[in-house]
Amino acid sequence: MNAVLRPARRGDAEATGDILYRFAQDTPWMPKLYERAETVGFCGIMIGRGWVSVAVLGGQVAGFIARDGQEICSLYLAKAAQGQGLGAALLGNAMERSDRLELWTFQQNTRAQRFYARHGFVEAARTDGAGNEERLPDIRYEWRRS
C-alpha cells in the first residue's frame with residue numbers, strides 16, 4: 001500500500017461525499033436518506049470542523065475517517081480501495097493519537113464488526129435503532145489503550 005494519510009482539505013468534500021453516498025446507495029439494507037449533494041455538503045461540514053483525515057492512493061482520495069474527539073463518526077473507503085489496508089491505516093492513525101475511541105456501527109454491518117474487533121474494539125451497547133436517523137439497530141464499540 002502506497003497511500004498517503006493527511007488532513008482533509010476543503011476540496012476533498014466531493015471525494016469523501018461520493019464515497020459516503022456510494023456506500024449508502026450500494027448497501028441494500030441501508031436507507032437512502034440523502035441526495036449526493038447533501039452528502040457532499042455534510043462531508044464539507046466535517047472537513048470544516050477539522051474532523052477528517054483522508055487516505056490518498058494514486059493521487060485520489062480513496063477513504064476517510066472523521067473523528068470528533070474520541071468519537072469516530074465515519075470511516076469509509078471507496079469500493080475499489082477496500083481490502084488494501086487503508087481502513088486499518090486510517091484507524092491506526094486515530095488510535096495512535098488517542099487513549100480511548102468509541103463508535104457506532106449498524107448490526108447488519110457484520111464486515112465492520114469484524115474489522116473493529118480485529119483492531120481491539122469491544123462491544124459496549126446495542127440498541128434497537130430508535131435513536132439514529134436510519135432507524136437501524138446498532139452497536140456501540142469502545143477501544144482503550146492498554
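Residues numbered from 1 in each chain as written. Predicted model: local features only at pLDDT ≥ 70, side-chain atom pairs only at ≥ 80, totals over all residues. Heavy atoms only, no water.

**Considering the UniProt feature "domain: N-acetyltransferase" (unreviewed entry) in the protein chain**
In step 1: Following the UniProt record, one finds the feature "domain: N-acetyltransferase" (unreviewed entry) at residues 3-146.
In step 2: The distance separating the terminal C-alpha atoms of residues 3-146 is 28 Å; by composition the span is 33% helix and 32% strand. (UniProt positions renumbered as here; feature names shortened; annotations may be inferred. Helix = DSSP H or I, 4+ residues; strand = E, 2+ residues; numbered from the N terminus.)

**Observations regarding the packing of helix α1 (residues 13-26) against helix α2 (residues 36-48)**
In step 1: Two elements in contact, α1 and α2, have axes whose closest approach is 8 Å; the angle formed by their N-to-C orientations is 125 degrees. In terms of axis orientation, α1 runs oblique to α2. Relative to α2, the crossing made by α1 is right-handed. In this structure, α1 uses Ala 13, Glu 14, Thr 16, Gly 17, Asp 18, Leu 20 and Tyr 21 to contact α2, whose residues at the interface are Arg 36, Thr 39, Val 40, Phe 42, Cys 43, Gly 44 and Ile 47. (Axes fitted to C-alpha atoms, helices over the stretch in contact; angles between N-to-C directions. Parallel < 35°, antiparallel > 145°, perpendicular 65-115°, else oblique. Left-handed = near helix turned anticlockwise from the far one by under 90°. Contact = heavy atoms within 4.5 Å.)

**Looking at the packing of aromatic side chains**
Any aromatic ring pair is given by two values, namely how distant the centres are and how the planes are angled relative to each other.
In step 1: Evaluation of the coordinates by the stated rule reveals eight aromatic pairs.
In step 2: Taking 5.0 Å as the distance between ring centres and 55 degrees as the angle between the ring planes, the aromatic pair formed by Phe 23 and Tyr 76 counts as tilted. Of the two residues, Phe 23 is situated in helix α1 and Tyr 76 in strand β4 (residues 71-77); the sequence distance between them amounts to 53 residues.
In step 3: Judged by centre distance (5.4 Å) and plane angle (65 degrees), the ring pair of Tyr 116 and Phe 121 falls under edge-to-face.
In step 4: Judged by relative accessible area, which is 7%, Tyr 116 ranks as buried.
In step 5: By way of ring pairs, the aromatic residues Phe 23, Trp 29, Phe 64, Tyr 76 and Phe 106 are connected into one cluster. (Phe/Tyr/Trp six-rings, centres within 6.5 Å; stacked < 30°, edge-to-face > 60°. Buried < 20%, exposed > 50% of the residue type's maximum accessible area, 1.4 Å probe, protein only.)

**Looking at the pattern of salt bridges**
In step 1: Under the defined criterion, the tally for this structure stands at 11 salt bridges.
In step 2: One salt bridge connects Arg 6 with Asp 12, and the closest N-O pair in it is separated by 2.7 Å.
In step 3: On the basis of relative accessible area, Arg 6 is assigned to the buried category, the value being 16%.
In step 4: The class for Asp 12 is buried, based on a relative accessible area of 7%.
In step 5: Among the salt bridges present, the one from Glu 102 reaches Arg 140, with a minimum N-O distance of 3.5 Å. Taken together, the residues Glu 102 in strand β5 (residues 100-106) and Arg 140 in strand β7 (residues 138-144) connect sequence positions 38 residues apart.
In step 6: Given the relative accessible area of 19%, Arg 140 is considered buried.
In step 7: One salt-bridge network, held together by shared partners, links Arg 100, Glu 102, Arg 140, Glu 142 and Arg 144. (Salt bridge = Lys/Arg side-chain N within 4 Å of Asp/Glu carboxyl O.)

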